[in-house]
Amino acid sequence: MNIGIVCYPTFGGSGVLATELGKALADKGYGIHFITYQQPVRLTGFNANIFYHEVRVPAYPLFDFPPYETALASTMVDVVKNNNVDLLHVHYAIPHASAAFMAKQILAEENIHVPFITTLHGTDITLVGRDKTYAPVVTFSINKSDAITAVSDNLRNETLENFDIKKEISVIHNFVDITRFSVQPIDAFKKAIAPNGEKVILHASNFRKVKRIADVIYTFNKIKKNIPSKLLLVGDGPERHMAEELCRELGIFEETRFVGKQQDMEDIYAIADLFLLPSEYESFGLAALEAMAAGTPVVATNAGGIPEIITHGKNGFLSDVGDVEQMSKQAITILENEKILKSFSEAARNQAETFDINNIVPKYEALYNQVLKK
Ligand code: GMT
(Lines give C-alpha, C1' and ligand atoms only; values in the text may rest on other atoms or scores of the structure.)
Protein backbone atom coordinates (compact mmCIF):
# COMPACT_ATOMS: atom_id res chain seq x y z
CA MET A 1 0.00 0.00 0.00
CA ASN A 2 1.26 3.50 -0.78
CA ILE A 3 0.32 6.24 1.64
CA GLY A 4 0.72 10.01 1.31
CA ILE A 5 1.36 11.65 4.68
CA VAL A 6 0.81 15.38 5.06
CA CYS A 7 2.01 17.11 8.22
CA TYR A 8 3.82 20.10 9.63
CA PRO A 9 7.52 19.26 9.35
CA THR A 10 8.52 21.07 12.54
CA PHE A 11 9.27 20.01 16.13
CA GLY A 12 5.53 20.24 17.05
CA GLY A 13 3.90 17.07 18.35
CA SER A 14 1.69 16.50 15.30
CA GLY A 15 4.65 16.53 12.92
CA VAL A 16 6.69 14.29 15.21
CA LEU A 17 3.86 11.78 15.49
CA ALA A 18 3.16 11.79 11.74
CA THR A 19 6.85 11.26 10.95
CA GLU A 20 7.26 8.44 13.46
CA LEU A 21 4.12 6.81 12.06
CA GLY A 22 5.46 7.06 8.50
CA LYS A 23 8.81 5.59 9.54
CA ALA A 24 7.13 2.69 11.37
CA LEU A 25 4.89 1.95 8.37
CA ALA A 26 7.86 2.10 5.99
CA ASP A 27 9.65 -0.47 8.17
CA LYS A 28 6.64 -2.71 7.69
CA GLY A 29 6.92 -2.40 3.89
CA TYR A 30 4.42 0.37 3.07
CA GLY A 31 5.48 3.01 0.55
CA ILE A 32 5.40 6.31 2.44
CA HIS A 33 5.25 9.66 0.67
CA PHE A 34 5.72 12.68 2.93
CA ILE A 35 4.22 15.79 1.37
CA THR A 36 5.21 19.00 3.12
CA TYR A 37 7.11 22.27 2.67
CA GLN A 38 10.27 21.09 4.40
CA GLN A 39 11.85 17.78 5.30
CA PRO A 40 10.24 16.71 8.63
CA VAL A 41 12.74 17.18 11.47
CA ARG A 42 12.44 13.59 12.66
CA LEU A 43 12.90 12.24 9.11
CA THR A 44 16.56 11.35 9.29
CA GLY A 45 18.50 8.46 7.77
CA PHE A 46 17.69 6.48 4.65
CA ASN A 47 14.76 4.15 4.18
CA ALA A 48 14.09 2.73 0.72
CA ASN A 49 10.33 2.91 1.32
CA ILE A 50 10.25 6.60 2.25
CA PHE A 51 9.91 9.44 -0.21
CA TYR A 52 9.82 13.13 0.52
CA HIS A 53 7.98 15.54 -1.79
CA GLU A 54 8.52 19.22 -1.17
CA VAL A 55 5.61 21.60 -1.55
CA ARG A 56 7.01 24.63 -3.29
CA VAL A 57 5.16 27.90 -2.91
CA PRO A 58 6.52 30.24 -5.57
CA ALA A 59 6.75 33.87 -4.53
CA TYR A 60 4.99 36.49 -6.61
CA PRO A 61 4.91 40.24 -5.85
CA LEU A 62 1.09 40.19 -5.70
CA PHE A 63 1.09 37.65 -2.87
CA ASP A 64 1.34 39.13 0.59
CA PHE A 65 0.22 35.67 1.70
CA PRO A 66 1.50 32.97 -0.68
CA PRO A 67 -1.31 30.40 -1.22
CA TYR A 68 0.19 27.36 0.54
CA GLU A 69 -3.07 25.41 0.55
CA THR A 70 -3.34 25.61 -3.24
CA ALA A 71 0.28 24.55 -3.67
CA LEU A 72 -0.23 21.69 -1.23
CA ALA A 73 -3.38 20.41 -2.99
CA SER A 74 -1.61 20.57 -6.36
CA THR A 75 1.39 18.68 -4.97
CA MET A 76 -0.91 16.02 -3.51
CA VAL A 77 -2.51 15.55 -6.93
CA ASP A 78 0.90 15.22 -8.53
CA VAL A 79 2.25 12.78 -5.93
CA VAL A 80 -0.87 10.58 -6.02
CA LYS A 81 -0.81 10.37 -9.82
CA ASN A 82 2.89 9.65 -10.17
CA ASN A 83 3.34 7.25 -7.29
CA ASN A 84 0.15 5.17 -7.22
CA VAL A 85 -0.73 6.53 -3.80
CA ASP A 86 -3.72 4.60 -2.41
CA LEU A 87 -4.70 6.96 0.37
CA LEU A 88 -3.81 10.27 1.97
CA HIS A 89 -3.39 10.65 5.71
CA VAL A 90 -3.32 14.27 6.84
CA HIS A 91 -2.20 15.32 10.31
CA TYR A 92 -3.59 18.57 11.77
CA ALA A 93 -6.78 19.75 10.10
CA ILE A 94 -5.69 23.24 9.04
CA PRO A 95 -5.14 23.55 6.10
CA HIS A 96 -4.33 19.92 5.39
CA ALA A 97 -7.87 18.49 5.45
CA SER A 98 -9.32 21.09 3.08
CA ALA A 99 -6.32 20.73 0.75
CA ALA A 100 -6.84 16.94 0.75
CA PHE A 101 -10.52 17.40 -0.07
CA MET A 102 -9.59 19.64 -2.99
CA ALA A 103 -6.98 17.13 -4.23
CA LYS A 104 -9.49 14.30 -3.94
CA GLN A 105 -12.04 16.22 -6.02
CA ILE A 106 -9.48 17.07 -8.70
CA LEU A 107 -8.34 13.45 -8.93
CA ALA A 108 -11.95 12.22 -9.10
CA GLU A 109 -12.38 14.25 -12.29
CA GLU A 110 -9.76 11.93 -13.79
CA ASN A 111 -11.37 8.83 -12.30
CA ILE A 112 -8.67 8.43 -9.68
CA HIS A 113 -10.28 7.71 -6.34
CA VAL A 114 -8.18 8.46 -3.30
CA PRO A 115 -9.70 8.55 0.17
CA PHE A 116 -8.24 10.77 2.88
CA ILE A 117 -8.02 10.35 6.63
CA THR A 118 -7.75 13.35 8.93
CA THR A 119 -6.03 13.02 12.29
CA LEU A 120 -6.92 15.81 14.69
CA HIS A 121 -4.06 16.73 17.00
CA GLY A 122 -5.14 19.53 19.30
CA THR A 123 -4.84 23.19 18.56
CA ASP A 124 -6.37 22.59 15.12
CA ILE A 125 -9.57 22.07 17.13
CA THR A 126 -9.15 23.75 20.49
CA LEU A 127 -7.43 27.02 19.62
CA VAL A 128 -7.03 27.83 15.96
CA GLY A 129 -9.78 25.72 14.42
CA ARG A 130 -12.49 27.07 16.67
CA ASP A 131 -11.76 30.62 15.56
CA LYS A 132 -14.53 31.95 13.31
CA THR A 133 -11.96 32.67 10.63
CA TYR A 134 -11.39 28.97 10.08
CA ALA A 135 -14.33 27.10 11.65
CA PRO A 136 -16.60 26.66 8.57
CA VAL A 137 -13.77 25.24 6.45
CA VAL A 138 -12.52 23.05 9.30
CA THR A 139 -16.02 21.64 9.93
CA PHE A 140 -16.62 21.03 6.24
CA SER A 141 -13.31 19.32 5.58
CA ILE A 142 -13.50 17.13 8.70
CA ASN A 143 -16.96 16.00 7.61
CA LYS A 144 -15.67 15.27 4.11
CA SER A 145 -12.84 13.08 5.42
CA ASP A 146 -13.22 9.37 4.71
CA ALA A 147 -12.21 8.68 8.29
CA ILE A 148 -11.39 10.92 11.24
CA THR A 149 -9.17 10.13 14.18
CA ALA A 150 -8.38 12.07 17.34
CA VAL A 151 -5.33 11.51 19.53
CA SER A 152 -7.32 11.30 22.79
CA ASP A 153 -10.84 10.81 24.11
CA ASN A 154 -10.71 14.37 25.34
CA LEU A 155 -9.94 15.74 21.88
CA ARG A 156 -12.69 13.63 20.34
CA ASN A 157 -15.19 15.06 22.85
CA GLU A 158 -13.92 18.62 22.34
CA THR A 159 -14.38 18.21 18.58
CA LEU A 160 -17.91 16.90 18.92
CA GLU A 161 -18.83 19.67 21.36
CA ASN A 162 -17.43 22.51 19.28
CA PHE A 163 -18.07 21.49 15.68
CA ASP A 164 -21.07 20.08 13.89
CA ILE A 165 -19.48 16.73 13.05
CA LYS A 166 -21.69 14.20 11.33
CA LYS A 167 -19.25 11.32 11.27
CA GLU A 168 -17.68 8.95 13.72
CA ILE A 169 -14.37 10.03 15.21
CA SER A 170 -12.11 7.13 16.20
CA VAL A 171 -9.65 7.63 19.01
CA ILE A 172 -6.16 6.38 18.25
CA HIS A 173 -3.88 7.53 21.04
CA ASN A 174 -0.40 8.81 20.30
CA PHE A 175 2.44 6.35 20.64
CA VAL A 176 6.08 6.13 21.57
CA ASP A 177 8.88 3.82 20.50
CA ILE A 178 9.87 2.41 23.88
CA THR A 179 13.09 0.91 22.51
CA ARG A 180 14.30 4.29 21.31
CA PHE A 181 13.82 5.82 24.75
CA SER A 182 15.51 2.97 26.63
CA VAL A 183 19.01 4.43 26.54
CA GLN A 184 21.51 4.79 29.36
CA PRO A 185 22.22 8.37 30.50
CA ILE A 186 25.39 9.90 29.09
CA ASP A 187 27.49 10.73 32.17
CA ALA A 188 29.34 13.63 30.60
CA PHE A 189 26.08 15.24 29.54
CA LYS A 190 24.51 14.82 32.97
CA LYS A 191 27.67 16.30 34.56
CA ALA A 192 27.56 19.29 32.22
CA ILE A 193 24.02 20.10 33.33
CA ALA A 194 24.22 19.05 36.97
CA PRO A 195 27.92 19.04 37.95
CA ASN A 196 27.32 18.37 41.65
CA GLY A 197 24.76 15.60 41.26
CA GLU A 198 21.78 17.95 41.42
CA LYS A 199 18.41 16.62 40.24
CA VAL A 200 17.60 17.54 36.64
CA ILE A 201 14.14 19.03 36.07
CA LEU A 202 13.20 19.06 32.40
CA HIS A 203 10.70 20.90 30.25
CA ALA A 204 10.50 20.54 26.48
CA SER A 205 8.03 22.34 24.24
CA ASN A 206 7.54 24.90 21.52
CA PHE A 207 7.41 27.71 24.12
CA ARG A 208 3.96 28.87 23.15
CA LYS A 209 1.58 30.59 25.60
CA VAL A 210 -0.50 27.42 26.00
CA LYS A 211 2.56 25.73 27.60
CA ARG A 212 2.66 28.23 30.52
CA ILE A 213 6.45 28.40 30.62
CA ALA A 214 6.32 30.90 33.49
CA ASP A 215 4.72 28.15 35.62
CA VAL A 216 7.66 25.86 34.80
CA ILE A 217 10.01 28.51 36.14
CA TYR A 218 7.98 29.41 39.25
CA THR A 219 7.59 25.70 40.07
CA PHE A 220 11.31 25.11 39.66
CA ASN A 221 12.07 28.14 41.82
CA LYS A 222 10.13 26.48 44.65
CA ILE A 223 11.60 23.03 44.08
CA LYS A 224 15.18 24.27 44.19
CA LYS A 225 14.66 25.81 47.63
CA ASN A 226 14.19 22.24 48.94
CA ILE A 227 16.08 20.02 46.52
CA PRO A 228 19.43 20.84 44.91
CA SER A 229 18.36 20.91 41.28
CA LYS A 230 18.88 22.35 37.82
CA LEU A 231 16.29 23.27 35.21
CA LEU A 232 16.86 22.13 31.63
CA LEU A 233 14.68 23.86 29.04
CA VAL A 234 14.50 22.34 25.56
CA GLY A 235 12.82 23.98 22.58
CA ASP A 236 12.18 27.44 21.33
CA GLY A 237 9.26 29.71 20.57
CA PRO A 238 7.55 33.00 21.32
CA GLU A 239 7.79 32.75 25.13
CA ARG A 240 11.51 32.02 25.31
CA HIS A 241 12.62 35.59 25.79
CA MET A 242 10.09 36.11 28.59
CA ALA A 243 11.30 32.87 30.20
CA GLU A 244 14.94 33.96 30.18
CA GLU A 245 14.00 37.36 31.63
CA LEU A 246 11.95 35.71 34.37
CA CYS A 247 14.87 33.45 35.34
CA ARG A 248 17.10 36.52 35.62
CA GLU A 249 14.49 38.41 37.68
CA LEU A 250 14.16 35.49 40.09
CA GLY A 251 17.94 35.19 40.31
CA ILE A 252 17.94 31.58 39.08
CA PHE A 253 19.47 32.03 35.64
CA GLU A 254 22.61 30.19 36.74
CA GLU A 255 20.50 27.19 37.72
CA THR A 256 18.74 27.00 34.37
CA ARG A 257 19.96 25.96 30.96
CA PHE A 258 18.17 26.86 27.73
CA VAL A 259 19.43 24.48 25.05
CA GLY A 260 17.05 25.33 22.18
CA LYS A 261 15.63 22.77 19.74
CA GLN A 262 17.20 19.33 20.01
CA GLN A 263 17.11 16.20 17.88
CA ASP A 264 18.33 13.47 20.24
CA MET A 265 15.56 13.76 22.78
CA GLU A 266 16.19 10.23 24.11
CA ASP A 267 19.56 11.37 25.52
CA ILE A 268 17.91 14.37 27.15
CA TYR A 269 15.07 12.44 28.78
CA ALA A 270 17.63 9.89 29.99
CA ILE A 271 19.41 12.41 32.21
CA ALA A 272 16.21 13.98 33.60
CA ASP A 273 14.78 13.10 37.00
CA LEU A 274 11.46 14.85 36.50
CA PHE A 275 9.50 16.37 33.61
CA LEU A 276 7.26 19.41 34.10
CA LEU A 277 4.25 20.00 31.84
CA PRO A 278 2.06 22.77 33.33
CA SER A 279 0.10 23.41 30.09
CA GLU A 280 -3.17 25.26 29.91
CA TYR A 281 -4.31 22.50 27.56
CA GLU A 282 -2.84 19.43 25.90
CA SER A 283 -4.93 17.18 23.71
CA PHE A 284 -2.47 14.43 24.63
CA GLY A 285 1.01 15.61 25.69
CA LEU A 286 3.39 13.58 23.55
CA ALA A 287 6.45 15.03 25.30
CA ALA A 288 5.14 13.68 28.61
CA LEU A 289 4.74 10.22 27.10
CA GLU A 290 8.27 10.31 25.69
CA ALA A 291 9.59 11.32 29.11
CA MET A 292 7.70 8.45 30.74
CA ALA A 293 9.09 6.00 28.18
CA ALA A 294 12.54 7.03 29.40
CA GLY A 295 11.43 6.38 33.00
CA THR A 296 11.08 10.06 33.87
CA PRO A 297 8.00 10.79 36.02
CA VAL A 298 5.89 13.80 35.04
CA VAL A 299 4.26 16.54 37.08
CA ALA A 300 1.57 18.07 34.88
CA THR A 301 -1.80 19.76 34.85
CA ASN A 302 -5.06 17.83 34.73
CA ALA A 303 -5.88 19.56 31.45
CA GLY A 304 -7.29 17.99 28.28
CA GLY A 305 -6.04 14.49 27.53
CA ILE A 306 -3.13 14.48 30.00
CA PRO A 307 -5.07 12.35 32.56
CA GLU A 308 -5.38 9.69 29.84
CA ILE A 309 -1.61 9.13 30.15
CA ILE A 310 -0.74 10.05 33.73
CA THR A 311 -2.27 8.24 36.69
CA HIS A 312 -2.20 10.71 39.56
CA GLY A 313 -0.04 9.55 42.47
CA LYS A 314 1.28 6.49 40.66
CA ASN A 315 3.41 7.42 37.67
CA GLY A 316 3.22 11.19 38.06
CA PHE A 317 1.04 13.91 39.54
CA LEU A 318 -1.71 16.17 38.22
CA SER A 319 -2.67 19.67 39.41
CA ASP A 320 -5.07 22.39 38.44
CA VAL A 321 -3.77 24.77 35.79
CA GLY A 322 -1.66 27.51 37.38
CA ASP A 323 -1.28 25.83 40.78
CA VAL A 324 2.51 26.13 41.02
CA GLU A 325 2.42 25.62 44.80
CA GLN A 326 0.84 22.20 44.36
CA MET A 327 3.09 21.25 41.43
CA SER A 328 6.24 22.11 43.37
CA LYS A 329 5.05 20.07 46.40
CA GLN A 330 4.34 17.12 44.13
CA ALA A 331 7.73 17.41 42.50
CA ILE A 332 9.44 17.53 45.89
CA THR A 333 7.49 14.43 47.03
CA ILE A 334 8.94 12.51 44.10
CA LEU A 335 12.45 13.91 44.25
CA GLU A 336 13.21 13.92 47.97
CA ASN A 337 13.07 10.15 48.40
CA GLU A 338 15.06 7.84 46.11
CA LYS A 339 12.66 4.97 46.73
CA ILE A 340 9.65 7.04 45.67
CA LEU A 341 11.54 8.38 42.66
CA LYS A 342 12.39 4.82 41.60
CA SER A 343 8.84 3.59 42.01
CA PHE A 344 7.39 6.55 40.03
CA SER A 345 10.05 6.05 37.39
CA GLU A 346 9.21 2.36 36.95
CA ALA A 347 5.48 3.05 36.96
CA ALA A 348 5.97 5.78 34.33
CA ARG A 349 7.81 3.39 32.07
CA ASN A 350 5.21 0.66 32.53
CA GLN A 351 2.46 3.09 31.66
CA ALA A 352 4.34 4.25 28.55
CA GLU A 353 4.58 0.63 27.41
CA THR A 354 0.80 0.55 26.95
CA PHE A 355 1.30 3.30 24.32
CA ASP A 356 4.16 1.50 22.60
CA ILE A 357 4.40 1.91 18.85
CA ASN A 358 3.78 -1.82 18.36
CA ASN A 359 0.40 -1.56 20.08
CA ILE A 360 -0.83 1.59 18.33
CA VAL A 361 0.42 1.48 14.71
CA PRO A 362 -1.72 -1.62 13.91
CA LYS A 363 -4.78 0.50 14.73
CA TYR A 364 -3.86 2.88 11.90
CA GLU A 365 -3.22 -0.05 9.58
CA ALA A 366 -6.67 -1.49 10.39
CA LEU A 367 -8.23 1.91 9.65
CA TYR A 368 -6.41 2.18 6.30
CA ASN A 369 -7.72 -1.24 5.26
CA GLN A 370 -11.22 -0.35 6.38
CA VAL A 371 -11.21 2.92 4.42
CA LEU A 372 -9.84 1.25 1.27
CA LYS A 373 -12.52 -1.45 1.42
CA LYS A 374 -15.39 1.08 1.45
O1 GMT B 1 1.08 22.74 20.62
C2 GMT B 1 1.81 21.76 20.47
O3 GMT B 1 2.33 21.14 21.39
C4 GMT B 1 2.06 21.28 19.08
C5 GMT B 1 0.86 20.57 18.62
C6 GMT B 1 1.00 20.15 17.22
O7 GMT B 1 -0.04 20.00 16.63
O8 GMT B 1 2.06 20.02 16.67
O9 GMT B 1 0.67 19.49 19.54
C10 GMT B 1 -0.59 18.91 19.66
O11 GMT B 1 -0.45 17.62 19.10
C12 GMT B 1 0.40 16.73 19.82
C13 GMT B 1 0.52 15.42 19.05
O14 GMT B 1 -0.72 14.82 18.87
C15 GMT B 1 -0.15 16.53 21.23
O16 GMT B 1 0.67 15.64 21.96
C17 GMT B 1 -0.20 17.88 21.94
O18 GMT B 1 -0.81 17.69 23.20
C19 GMT B 1 -1.02 18.86 21.11
N20 GMT B 1 -0.91 20.20 21.71
C21 GMT B 1 -1.94 20.81 22.28
O22 GMT B 1 -3.05 20.32 22.38
C23 GMT B 1 -1.65 22.14 22.85
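The shown structure was predicted, so the numbers you read here are calculated from the model rather than taken from an experiment.

Asks: Sorry, what's going on with the pairing of strand S9 (residues 229-234) here?
Replies: Each regular strand carries side chains that alternate between the two faces of the sheet. The buried fraction of S9 is high, at 6 of 6 residues. Residues Ser229, Leu231 and Leu233 of S9 are buried on one face, and the alternating residues Lys230, Leu232 and Val234, pointing to the opposite face, are buried as well. Pairing between S9 and strand S10 (residues 256-260): 4 bridges, direction parallel. Note on S10: the bridge partner recorded for Leu232 is Arg257. In this view, the connection linking S9 to its parallel neighbour S10 by way of helix H9 (residues 240-249) has right-handed handedness.

Asks: Where do I start with unusual backbone geometry in this structure?
Replies: With the exception of glycine, the majority of residues adopt a negative phi angle, and the majority of peptide bonds are in the trans configuration. Of the consecutive residues Ile94 and Pro95, the connecting peptide bond is found in the cis state with omega at -10°. With respect to the secondary-structure elements, Pro95 resides in helix H3 (residues 93-109). You will see that Asn84, though not glycine, has its phi angle at about 50°, which is positive. Residue position: Asn84 is located in the loop between helix H2 (68-83) and strand S4 (87-91). Assessed through its relative accessible area of 59%, Asn84 is described here as exposed. Here Tyr92, not a glycine, exhibits a phi torsion of approximately 80°, which is positive. Relative to the elements of secondary structure, Tyr92 occurs in the loop between S4 and H3. A relative accessible area of 12% places Tyr92 in the buried class.

Asks: Is there a simple way to think about the site of the ligand in this case?
Replies: Within the structure, the ligand sits among 18 residues, and His121, Asn174, Arg208, Lys211 and Glu282 are positioned closest to it. At 2.6 Å, a side-chain N or O of Arg208 approaches an oxygen atom of the ligand. In isolation the ligand offers 480 Å² of accessible surface; the protein chains occlude 95% of this area. Here the residues of the shell around the ligand are counted per class, giving 5 nonpolar, 10 polar and 3 charged. When residues are assigned to domains, the shell around the ligand turns out to be shared by domain 1 (2-175 + 356-373) and domain 2 (187-353), each giving three or more.

Asks: It is not clear to me how the sheet that holds strand S3 (residues 50-54) should be interpreted in this structure. Could you clarify?
Replies: Strand pairs in the sheet, formed through backbone hydrogen bonds, run parallel or antiparallel to each other. Across the sheet, which stays open at both edges, the 7 strands sit in the order S3-S2-S1-S4-S5-S6-S7 with parallel pairing between neighbours. Here the strands that pair on one side only, and so sit at the sheet edges, are S3 and strand S7 (169-171). Averaged over all neighbouring strand pairs, the angle between strand axes comes to 25°, with direction disregarded. Pairing analysis gives 4 bridges linking strand S1 (residues 2-6) to S4, with the strands arranged parallel. When the sheet's bridge partners are listed, Ile3 is paired in S4 with Leu87.

Asks: Please clarify how the domain arrangement of the chain should be interpreted in this entry.
Replies: By a widespread convention, an interface's size corresponds to the accessible area lost as its parts come together. For the chain, the domain assignment lists domain 1 (2-175 + 356-373) and domain 2 (187-353). Once you take the C-alpha centre of each, domain 1 and domain 2 turn out to be 30 Å apart. Contact with domain 1, which involves 22 residues of that partner, is made by 17 residues of domain 2. For the pair domain 1 and domain 2, the summed buried surface comes to about 1,400 Å²; carbon and sulfur atoms form 53% of the total. Per-residue buried area on domain 1 facing domain 2 is highest for Phe11, Arg42 and Asn154; these three make up 33% of the total on that side. Here domain 1 and domain 2 share 1 salt bridge between them. A salt bridge links Glu290 to Arg42, with the shortest nitrogen-to-oxygen separation between them at 3.2 Å. Joining domain 1 to domain 2, the criterion identifies 11 residue pairs in polar contact (both at pLDDT 80 or more). The set of elements that each furnish at least two residues to the side of domain 1 that touches domain 2 consists of helix H1 (13-27), helix H4 (123-126) and helix H6 (153-162). The leading source of residues in the side of domain 1 that touches domain 2 is H6, at 4 residues. Counted by class, the side of domain 1 that touches domain 2 contains 8 nonpolar, 10 polar and 4 charged residues.

Procedures and definitions
Each residue is numbered by its place in its chain's sequence as written, counting from 1. For a predicted model such as this one, the threshold for reporting local features is a pLDDT of at least 70, and the threshold for listing and counting side-chain atom pairs is 80 or more; totals across whole chains, interfaces and linings nevertheless cover every residue. Side-chain measures were taken over the full set of non-hydrogen atoms in the model, leaving aside hydrogen atoms and water. Here the term buried applies to any residue with accessible area under 20% of the maximum for its type, exposed to any over 50%, and partly exposed to those in between, with areas from a 1.4 Å probe on protein chains only. Helix and strand assignments follow DSSP, with helices taken as H or I runs no shorter than four residues and strands as E runs no shorter than two, numbered in order from the N terminus. Strand pairing is assigned whenever DSSP identifies at least 2 bridges connecting the two strands. A right-handed crossover is one whose linking path, passing over the helix from the first strand to the second, runs clockwise when the strands point away from the viewer. For each residue, the test is whether any non-hydrogen atom lies within 4 Å of the molecule or strand; if one does, the residue is near. The term polar contact refers here to a pair of N or O atoms within 3.5 Å; inside protein, the definition further demands a hydrogen-donor-capable atom paired with an acceptor-capable atom, and it admits residues adjacent in sequence only when both atoms are side-chain atoms. Residue burial considers only the protein chains on display, and all accessible areas are found by Shrake-Rupley using a 1.4 Å probe. Residues are sorted three ways: Asp, Glu, Lys and Arg are charged, Ala, Val, Leu, Ile, Met, Phe, Trp, Tyr, Cys and Pro are nonpolar, and all the rest, Gly among them, are polar. Residue ranges assigned to each domain were obtained from an automatic or database domain assignment. Between N-to-C directions, angles cover 0 to 180 degrees, with each direction set by a line fitted to C-alpha atoms, over the stretch in contact for helices. By the convention used here, residues are in contact when the closest approach between their heavy atoms is within 4.5 Å. Once two parts are joined, some of their accessible surface, as seen by a 1.4 Å probe, is lost; buried area is that loss totalled over both. What makes a salt bridge here is a side-chain nitrogen of Lys or Arg within 4 Å of a carboxyl oxygen of Asp or Glu, nothing more.

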